[in-house]
Structure formats: structure tokens, C-alpha cells
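Chain and residue survey
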Amino acid sequence: MSIVVAIDGTAGSGKSSVARAVGAALGLPVLDTGAMYRAVTLRAMRAGIDPNDAAACAEAARRARLAVEDGRVHLDGEDVTVAIRGPEVTAAVSTVSAHPEVRAELVARQREWVARHGGGVVEGRDIGTVVFPDATLKVFLTASPEERARRRAAQEPEAVGRDVDAVRDALAARDARDAGRAHSPLRAAGDALVVDTTDRSIAEVVGLVLERLGSGTGEPRGTG
Ligand code: DC
């Protein structure tokens, strides 16, 4: 049985930084599933598809050639690592990712990715609840709305120059859509390690995750 670490949480909770650091510490590859939903959203937008059109979005997902490796995202042969972080994609991705047919396609690809890599650190919204309910360890990260907005304003090209209040409101709206959707909503698995990252450094959070992995519940089981 290979090691799978599921890291879920709200936007700006520190998922990506923690996932990268945990992956480096364990020598495991990292899969950013949000990047997959963003790439499908970009593909749909470029094709002029209405984000509310479930069938057309699902078709865009099924036809997409997607490669997510080492922090870079390729869509139909093009490097879209930067393009998928643009404001139009960010505004539409919650709508596109709420369609069950889109999710079914991407969840299958996420499971295939992990099988092909022999395990991994997988970050998203429904990894511990739906994609890998038998993950070696499930982590759910939260942070205060103010702190999340501050991090986003400092990081994301789309957020730079916008005031923290506007970023906080946009994040809150996206989280409400992600948590309120009917299929695979954002929520912590019952057996997840829940960590509030507001006043913790990345290193501290990573320390908690590795500690939990080394103790009872999340005993690393070695690959193969
Ligand atoms: O992690 P992110 O902010 O880049 O994710 C973008 C969107 O993708 C997020 O608002 C909801 C969706 N998403 C999802 O529905 N399920 C996942 N496992 C990952 C992301």
C-alpha cells in the first residue's frame, strides 16, 4: 500500500505550501487538484462555454489533455501554469467544479495520477472525503478570513493592488460556493487532523503533519 497524504482546506489556508513541504520531507510527488479544475475552466472559457453548462463543461474536461507535474500545468500541450491563476478563471472555477460530471472525470484522473506515481501528497477540497477516503493521513487546514486574504493579496497576481477587504470578500464568496455545493462539498473528513494555520508558520504545520504520520493513526506503510 502506497502513502497518500490528503490535504484539504479553504483558499488561502496554506494548503499548497504545506503540501510542497510535506512532499519534500517524505520524498513524495505533490498533486494540486485545484490546478486541474482551473485548467478545465480555462479550456471551457476559451471555447466560449458557459460555466453553468454542465454537459459542455464535462465534455471540455473529458477532451482536455492535462499534465500536472512538478508544479507546472500543461493543457493540450501548452504550459498554462500562469494562465490558470488569472482573475477570470478564479471567478468561474467554483461554478465549473460544482458539476458532478466534471468532478467524476477529474477524480478518475487524480486516482490514476496517484496510482501511476505510487502515492503522493494530494491537495484540494474533497481529497480526504471523496477521492482518497482511505488516505494514510488526512489533513484539513483553516485560517482566519483576514489572514487568508492577507496571504492571497501578497501572493496572487490577480490580488496584487487590490485591497485586503476586497480579496477577503472574494475568498469568502468562493469558499461559500465550494462548501455549499451539492456534490463533494468542502468539508473536513471525520478522521482528519484539523489545523488552524492563522498563527502558525509553514514549518510548524509541517511538523504537526509529520508527527501525526509517525504516530499510530498515520503510520507510514512504505510503498509497493
Ligand atoms: O485550490 P484552488 O483555489 O486553486 O482551487 C480552485 C477551485 O477548484 C476551488 O475554488 C474549488 C475547486 N476545487 C474542487 O472543487 N475540488 C478540489 N479537489 C480542488 C479544487
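Because the structure is a prediction, the values reported are computed rather than measured.

**Structural notes on the pattern of salt bridges**
- In total, this model carries 19 salt bridges according to the counting rule given.
- Note that arginine 116 is salt-bridged to glutamate 69, the shortest N-O span being 3.7 Å. With arginine 116 in helix H5 (residues 100-117) and glutamate 69 in strand E3 (residues 66-69), this pair connects stretches of sequence that are 47 residues apart.
- The partner of arginine 109 in a salt bridge is glutamate 105, with the nearest N and O atoms 2.8 Å apart. In this pair, arginine 109 and glutamate 105 are both assigned in helix H5, 4 residues apart and thus about one turn of the helix distant. A single burial state applies to arginine 109 and to glutamate 105, both of which are buried.
- One salt-bridge network, held together by shared partners, links Glu146, Asp165, Arg168 and Asp169.

**A few points about the site of the ligand**
- Around the ligand, the surrounding shell holds 16 residues, and the nearest of these are Arg38, Arg103, Arg174, Asp178 and Arg181.
- For the ligand, an oxygen atom lies 2.7 Å from a polar atom in the side chain of arginine 38.
- In this structure, an oxygen atom belonging to the ligand sits 2.8 Å away from a side-chain N or O atom of arginine 103.
- Protein chains bury 98% of the 440 Å² of accessible surface belonging to the ligand in isolation.
- For the shell around the ligand, the secondary-structure elements that each account for two or more residues are helix H2 (33-46), helix H4 (87-97) and helix H8 (164-180).
- A per-element tally of the shell around the ligand places H2 first, with 4 residues.

**Topic: the layout of surface pockets**
- One number sums up the size of the largest pocket: a volume of about 1,100 Å³.
- Across the lining of the largest pocket, the residue classes tally to 15 nonpolar, 16 polar and 19 charged.

**Some details on the packing of helix H3 (residues 54-63) against H5**
- Here H3 crosses H5 at 20°, and the two axes come no closer than 8 Å. On the basis of their axis angle, the class for H3 and H5 is roughly parallel. When you trace H3 past H5, the crossing you get is left-handed. Side by side, H3 and H5 meet where Ala54, Cys57, Ala58, Ala61 and Arg62 of the first sit next to Glu101, Val102, Glu105 and Arg109 of the second.
- Split into classes, the residues belonging to the contact of H3 with H5 amount to 5 nonpolar, no polar and 4 charged.

What counts, and at which threshold
- Residues numbered from 1 in each chain as written.
- Predicted model: local features only at pLDDT ≥ 70, side-chain atom pairs only at ≥ 80, totals over all residues.
- Heavy atoms only, no water.
- Salt bridge = Lys/Arg side-chain N within 4 Å of Asp/Glu carboxyl O.
- Helix = DSSP H or I, 4+ residues; strand = E, 2+ residues; numbered from the N terminus.
- Buried < 20%, exposed > 50% of the residue type's maximum accessible area, 1.4 Å probe, protein only.
- Near = heavy atom within 4 Å.
- Polar contact = N/O pair within 3.5 Å; in protein donor to acceptor, adjacent residues only side chain to side chain.
- Areas by Shrake-Rupley, 256 points an atom, 1.4 Å probe, with all protein chains shown as cover.
- 1 Å grid on protein atoms, 1.4 Å probe; cavity = no way out; pocket = protein on both sides within 12 Å on 5 of 7 lines; lining within 4 Å.
- Points joined across faces, edges and corners; volume = space filled by probe spheres on them.
- Nonpolar A, V, L, I, M, F, W, Y, C, P; charged D, E, K, R; others polar.
- Axes fitted to C-alpha atoms, helices over the stretch in contact; angles between N-to-C directions.
- Parallel < 35°, antiparallel > 145°, perpendicular 65-115°, else oblique.
- Left-handed = near helix turned anticlockwise from the far one by under 90°.
- Contact = heavy atoms within 4.5 Å.

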